[in-house]
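Observations on chain architecture
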Amino acid sequence: MDKLLSVVVSVYNEELALREFYLETGRILNALPAPWTYELLFVNDGSADGSLKILREFAKENPRVKIVNFSRNFGHEAAMIAGIDHARGDGIICMDADLQHPPECIFKILEKFDAGYEVISMVRTRNKTAGAIKNFTSAAFYRLINRLSDVKFEANASDFFAMNRAAADVLRNNYREKVRFLRGYVQSVGFEKTILEYEARPRFAGESKYSLKSLFRFSINTILCFSDLPLKLGIYSGCAVALFGLLVMVYTIYTWAKFGAPSGYATIVVLISFMFAMLFVIVGIIGEYIAILFAELKDRPIYIVKDTENLENTSISTSKL
Ligand code: UDP
Ligand code: MG
């Protein structure tokens with residue numbers, strides 16, 4: 001019996017890379033070992049350039065190419081889960097459209113599927129493409145989150161991963177958070193897991209869509225979503241400050257008894273500034289959690305599909321399955 005492999009690709013303004021991606025990936029997919037056949041599912045994440053037109057050309061000449069077209073840009077995370085939602089494969093691979101994830105790895109992934117593995121994380125051995133700042137901040141982020149969270153994250157895991165239908169079903173049904181970190185879910189769902197190493201290629205064309213600022217925002221949200229430790233910061237610092245206050249009180253009474261009323265303008269100003277700064281930071285952290293709660297409570301769709309191509313099941317129009 002045939003087995004279907006779904007390759008999910010998120011696309012945002014990739015007109016310069018798409019043809020090369022299709023050519024290279026198509027070559028690999030047409031040479032899959034039996035019993036594997038494929039579908040190539042592109043999610044167009046509101047591209048403003050000619051990406052959609054190019055994708056429609058592919059879909060016209062090849063019915064195995066499918067398109068999910070968003071109503072606007074919803075971001076990479078939304079595009080990946082939309083692809084997983086619409087994929088019908090026994091095995092699903094998520095990858096980027098810029099050829100940073102080498103398509104020849106697909107063969108190795110299939111070997112792992114055939115060996116019975118259910119979740120396969122692709123780990124970068126080297127990232128020649130990202131600058132020193134990105135590499136450093138990424139390492140710092142993983143150190144921090146591994147400290148704060150119960151889930152142990154693979155530091156060099158990428159948005160390149162594969163899973164079987166059972167694992168994908170868990171993501172489809174149970175991980176519908178609005179503030180999302182798909183890579184984290186993939187690593188925390190369990191199942192028979194393995195990792196494969198790969199060397200990231202440089203981006204084929206165009207520019208990275210993630211700025212340092214958006215990565216920072218993304219990292220903060222991820223830490224908050226996977227850990228409630230920052231929320232408890234208030235209690236810890238409250239206790240520390242109370243202890244400190246007690247010591248200052250004892251000291252003040254002592255100097256008062258010995259030398260009369262102490263004058264301490266500078267001390268007071270420094271202490272008040274310090275205490276207020278800490279208070280505001282803690283209030284800010286609580287605010288961040290409330291913002292996430294607010295987003296979840298509003299329960300707006302993770303993505304909105306405008307139309308699809310070569311997909312029979314078009315009943316899924318938003319993320320709310
Ligand atoms: N992408 C997307 N929506 C976005 C931003 C990016 O679908 O809002 C896609 C993009 O087309 C690419 C993948 O996500 O296929 C990874 O983006 P990029 O290469 O810019 O990120 P990097 O590899 O630099 O982390
Ligand atoms: Mg990239």
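Above this text is the structure in question.
Summary of the structure given here. (Residues numbered from 1 in each chain as written. Chains lettered and ligands numbered in written order. Predicted model: local features only at pLDDT ≥ 70, side-chain atom pairs only at ≥ 80, totals over all residues. Heavy atoms only, no water.)

**Thoughts on the overall build of the protein**
The helix and strand tally for the protein stands at 10 helices and 8 strands. Here the C-alpha atoms of the protein give a radius of gyration of 25 Å, more than 25% beyond the 20 Å that 2.2 N^0.38 yields for 321 residues. Referenced to the eigenvectors of the C-alpha coordinate spread, the extents of the protein come out at roughly 90 × 40 × 35 Å. Considering only intrachain contacts with a sequence separation of at least 6, the fraction spanning at least 24 residues in the protein is 84%. As presented, the protein carries roughly 17000 Å² of accessible surface, and 62% of it is formed by carbon and sulfur atoms. For the protein, the separation between the mean place of its 37 positive charges and that of its 35 negative charges on side chains is 5 Å. (Helix = DSSP H or I, 4+ residues; strand = E, 2+ residues; numbered from the N terminus. Rg over C-alpha atoms; globule rule 2.2 N^0.38 Å. Contact = heavy atoms within 4.5 Å. Areas by Shrake-Rupley, 256 points an atom, 1.4 Å probe, with all protein chains shown as cover. Lys, Arg positive; Asp, Glu negative; His and termini not counted. Charge placed at Lys NZ, Arg CZ, Asp CG, Glu CD.)

**With respect to the coordination of the magnesium ion (ligand 2)**
Protein coordination at the magnesium ion (ligand 2): the donors are Asp98 (OD) and Gln100 (OE1), at 1.9 Å from the metal. Of the residues examined, aspartate 98 reaches a relative accessible area of 3% and is grouped as buried. (Donors = N, O, S within 2.8 Å, 3.2 Å for Na, K, Ca; no water. Buried < 20%, exposed > 50% of the residue type's maximum accessible area, 1.4 Å probe, protein only.)

**A look at helix α8 (residues 212-226)**
Counted at 1.5 Å a residue, the expected span for α8 with its 15 residues is 21 Å, and the 21 Å between its end C-alpha atoms agrees. All of the buried residues along α8 are Phe218, Ser219, Asn221, Thr222, Ile223, Leu224 and Phe226. (Expected span 1.5 Å × (residues − 1).)

**Details of the pattern of salt bridges**
Taken as a whole and assessed by the stated rule, the structure comprises 13 salt bridges. One salt bridge connects arginine 201 with glutamate 24, and the closest N-O pair in it is separated by 2.9 Å. Here arginine 201, found in the loop between β7 (193-199) and α8, pairs with glutamate 24, found in helix α1 (residues 18-29); they are 177 residues apart in sequence, far enough to count as distant. Classification of glutamate 24 by relative accessible area gives buried; the value is 16%. One salt bridge connects arginine 183 with aspartate 159, and the closest N-O pair in it is separated by 2.9 Å. Of the two residues, arginine 183 is situated in helix α7 (residues 182-188) and aspartate 159 in strand β6 (residues 157-164); the sequence distance between them amounts to 24 residues. As far as burial versus exposure is concerned, arginine 183 and aspartate 159 are alike and both buried. Beyond isolated ion pairs, a larger network of salt bridges with shared partners links Glu24, Glu104 and Arg201. (Salt bridge = Lys/Arg side-chain N within 4 Å of Asp/Glu carboxyl O.)

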